Amino acid sequence: MLDFLGNLERTHMCGELRASDAGKTVVLMGWVNRRRDHGNLIFLDVRDRTGFAQVVLDKELVPEGHAKGEQIRPEYVIAAVGRLRLRSKDAINPKMPTGEVELETTQLLVLNDTKLAPFSPADDAIQNEEVRLKYRYVDLRRADMQRNFRLRHEITLAIRESLSQDGFLEIETPILTKSTPEGARDFLVPSRVHAGEFYALPQSPQIFKQILMISGFDRYFQIARCFRDEDLRADRQLEFTQVDLEMSFPRQDSVFAVVEDFLTAGFKAAGISLPKPFPRITYDDAMRQYGSDKPDLRLPGLTDVRSAFTDADLESLRIDPALPVIALRIPNVGELSRKEREDSHPLFDTSKGAKFIDDLKRLAKTFPAAVEQVKKLTNADDPDFLVIVSGDPAHHIQASDTKFPGRLSEREINVYLAAGNYRVELAKKYAAKHGAFAITDEVVARAASNSESAQSVDKTEHALIDGSRAFQPIWVTDFPMFEYDAEKKHWEPAHHPFTSPHEADMANLLTDPASVRANCYDIAMNGLELGSGSIRIHRQDIQKQIFQSLGITDEEAKARFGFFLDALEYGTPPHGGIALGLDRIVMLLTGASSLREVIAFPKTAKAIDLMVDAPTTVPERQLKELHIRTTLKS
Ligand code: ASP
């Protein structure tokens, strides 16, 4: 019963049809989204990438087409030829952009039928993600997914254009290469030609982009795929895409300006305006004010409430007077029962020497003045939920203290982090109460409907939605250069080892690693780290010193990065750059809850591609060719 397409050509996309097209001869092609059989009249909602159109099969007008229509099921692929007409007044559907018209069909072709998939793209929410991923081709037909990928395309295009306008050249770098350390495991690819040798997939194009600066390209960018073998979470994938860039002779400000340009362009493509310049905060201040190096500015930060307590208060409350005493405030939570409060307690991390008080009513019985003062300092209203976080002298954690006055010690950071993490967890839990996240969702939804209506009509300027409250970018600067690994008992780089230390801290590299600040920066938004970058080391002597300070021996450095150390000796300009996670940006702008919603063919949390069924075993013959033997019994 299937028809051939023959010479038939599509004249319109389904979602584009408007009242002004009435009277035209139209050929539509697409999938049957729904079918309604009213006896002599059969209605098909036909879907393509742009939307839906109503196709009418009238038994009198097209008996043959009507007969086919009786057999048609959802997801059949059809072509409909006919004359577009205005719907009668009572049949107008104001919810559909094409709701004023319908196709009076004169010829219907059934181009393909379909097996019954376990779900229909016409359904709004499909709960079982595994089924969605297995039948990804059907899942991607869903309006939500179509919108996500259209938006991803628009955002990427805008970013490319912005970077190109700022003088950046897009240059590709290899996928089969040598290890580039970004703190994850490498994916290795065995060489057939060179027995026993391996390529590594790039964790990022880091070394190549630095070499491109040595080569005089001045400004490079790439929408680059990165591969990192690490455990997956909602916002991580084994392979992901970065907007990666590098520039010569930059100051930190130059990098910031470029990123602010392309991010605002990307947001604009999604219908949202972002004010420039973005605010900045040092790492230490981010810790003090948010207990996080990726602060979510949509909610109030932490408040230093040490001054609300006397020394005697602290002693009787068993609070370490040498460590921060801070309060976090979640607005508008309302009265909580003891049980409700206790349900959240497992979310507080006490493992690093921090403790908390969340029953301020009770605290006020013994320390009324202190509680009054805490409320004042935090600007708390009655329904706000306050938690006081402090150091626990009974749980003294071995940690380093910097020798630099005014800088945070690791022990202090631990208290701030515990407060910051609790703040984020409580914020998620009480999202419906404080409403700060709903503002973001609302802006995304409004931008989406805005761009949908803009999409098929014309793509010229559409009013941008003010995104300044919903999306709050912030630069975080002056990170510590090293982190102490208590288990391994040595200092680890907090960033990749090409990051330059602050010139002023260089002298302390080997003697006091804790005090060394890195010349690097992150950009965060709404509690997500969007990207990070740095001014690089451009001198071979300093690069060697850094490797040394990280415990990388000369031989190891030579074996792993010899080519790069060599290259550094051939006239390397000062340079720096950054990379931002494109998937994360798109995730924010689509309001998606996981990266898998914005990656066409993602892997599951168990690192499996359910559609293609990867990874799999391979025939013995192939392993042999690669000089590989597995130790697993099949
Ligand atoms: N290569 C770094 C990363 O992937 C970014 C950068 O330093 O430019 O995080």
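Scope of this entry: the structure provided in the associated data block. Remember, predicted model here, so these are calculated numbers, not experimental data.

Thoughts on the overall build of the protein
Inference 1: The helix and strand inventory of the protein stands at 18 helices and 23 strands.
Inference 2: When the backbone C-alpha atoms are referred to their principal axes, the protein occupies close to 90 × 70 × 55 Å.
Inference 3: For the protein, the proportion of its 634 residues judged to be buried stands at 51%.
Inference 4: Sequence separation of at least 24 residues holds for 69% of the intrachain contacts in the protein that already meet a minimum separation of 6.
Inference 5: With the model as given, the accessible surface of the protein reaches about 31600 Å², and the carbon-plus-sulfur share is 50%.
Inference 6: The protein carries 81 positive and 95 negative side-chain charges, and their two centres are separated by 3 Å.

Some points on the site of the ligand
Inference 1: Taken together, 13 residues surround the ligand, and among them Glu182, Gln206, Lys209, His496 and Arg536 come closest.
Inference 2: In this structure, a nitrogen atom belonging to the ligand sits 2.6 Å away from a side-chain N or O atom of Gln206.
Inference 3: At 2.6 Å, a side-chain N or O of Lys209 approaches an oxygen atom of the ligand.
Inference 4: Surface burial for the ligand is 94%, taken as the share of its 270 Å² of free accessible area covered by protein chains.
Inference 5: Every element with two or more residues in the shell around the ligand is listed here: helix H5 (206-214), strand S22 (528-535) and strand S23 (575-581).
Inference 6: With three residues, S23 is the single largest residue contributor to the shell around the ligand.

Structural notes on the pairing of strand S18 (residues 473-477)
Inference 1: In terms of burial, S18 is largely enclosed, as five of its five residues are buried.
Inference 2: The pairing of strand S12 (residues 280-282) with S18 spans three bridges and is parallel. Paired with Thr282 across the bridge in S18 is Thr477.
Inference 3: Bridge count between S18 and strand S21 (residues 520-525): five bridges; the pairing is antiparallel. Bridging from a neighbouring strand, Pro473 pairs with Met525 of S21.

Concerning the nonpolar core
Inference 1: Leu328, Ile330, Phe385, Val389 and Leu426 are the most contacted members of the largest nonpolar core, which has 59 residues in total.
Inference 2: Ranked by the residues each element gives to this core, the list is headed by helix H12 (residues 410-429), at eight residues.
Inference 3: If sequence neighbours within four positions are ignored, Ile330 has contacts with Asp384, Phe385, Arg423, Leu426, Ala427, Tyr430 and His434.
Inference 4: Listed in part, the 46 residues of the second largest apolar core include Leu151, Phe168, Leu595 and Val598.

Considerations on the sheet that holds strand S2 (residues 41-48)
Inference 1: As summarised here, the arrangement of the five strands in space is S1-S2-S3-S5-S4, forming a closed barrel in which the pairing is mixed. Between one strand and the next, the sheet's axes are offset by a mean angle of 55 degrees, whatever the strand orientation.
Inference 2: One ladder, built from seven bridges, connects strand S1 (residues 25-38) with S2; its direction is antiparallel. Within the sheet, the bridge partner assigned to Arg34 lies in S2 and is Asp45.

Overview of the sheet that holds S22
Sheet strands pair by backbone hydrogen bonding; their relative direction is either parallel or antiparallel.
Inference 1: What the eight strands build is an open sheet, ordered S6-S9-S10-S23-S22-S21-S18-S12; its pairing is mixed. Each having just a single partner strand, strand S6 (169-170) and S12 make up the two edges of the open sheet.
Inference 2: One ladder, built from nine bridges, connects strand S9 (residues 219-227) with strand S10 (residues 239-248); its direction is antiparallel. Bridge pairing links Cys226 to Phe240 in S10.

Focus: the pattern of salt bridges
Inference 1: Scanning the entire structure with this criterion turns up 39 salt bridges.
Inference 2: In this structure, Asp261 engages Lys276 in a salt bridge whose closest nitrogen and oxygen atoms are separated by 2.8 Å. Placement of Asp261 in helix H6 (residues 252-269) and of Lys276 in the loop between strand S11 (272-273) and S12 is noted, with a sequence separation of 15 residues between them.
Inference 3: According to the relative accessible area criterion, Asp261 is partly exposed, its value standing at 25%.
Inference 4: Under the relative-accessibility criterion, Lys276 is labelled partly exposed at 45%.
Inference 5: Glu425 serves as the salt-bridge partner of Lys428, at 3.8 Å between the closest nitrogen and oxygen.

Description of the pairing of strand S19 (residues 482-485)
Inference 1: For S19 and strand S20 (residues 490-493), the ladder comprises four bridges, and the chain directions are antiparallel. Pairing of Glu483 across the sheet is with Glu492, part of S20.
Inference 2: Here S19 hands over to S20 after four residues, with Lys489 in that stretch at a positive phi of 55 degrees.

Here we look at the environment of Arg185
Inference 1: Inspection of the secondary structure puts Arg185 in the loop between S6 and strand S7 (188-190).
Inference 2: With 48 residues separating them in the primary sequence, Arg185 and Tyr137 have C-alpha atoms 31 Å apart.

Calculation notes
Residues numbered from 1 in each chain as written. Predicted model: local features only at pLDDT ≥ 70, side-chain atom pairs only at ≥ 80, totals over all residues. Heavy atoms only, no water. Helix = DSSP H or I, 4+ residues; strand = E, 2+ residues; numbered from the N terminus. Buried < 20%, exposed > 50% of the residue type's maximum accessible area, 1.4 Å probe, protein only. Contact = heavy atoms within 4.5 Å. Areas by Shrake-Rupley, 256 points an atom, 1.4 Å probe, with all protein chains shown as cover. Lys, Arg positive; Asp, Glu negative; His and termini not counted. Charge placed at Lys NZ, Arg CZ, Asp CG, Glu CD. Near = heavy atom within 4 Å. Polar contact = N/O pair within 3.5 Å; in protein donor to acceptor, adjacent residues only side chain to side chain. Pairing = 2+ DSSP bridges. Core = buried A, V, L, I, M, F, W, Y, C linked by side-chain atoms within 4.5 Å. Axes fitted to C-alpha atoms, helices over the stretch in contact; angles between N-to-C directions. Salt bridge = Lys/Arg side-chain N within 4 Å of Asp/Glu carboxyl O.

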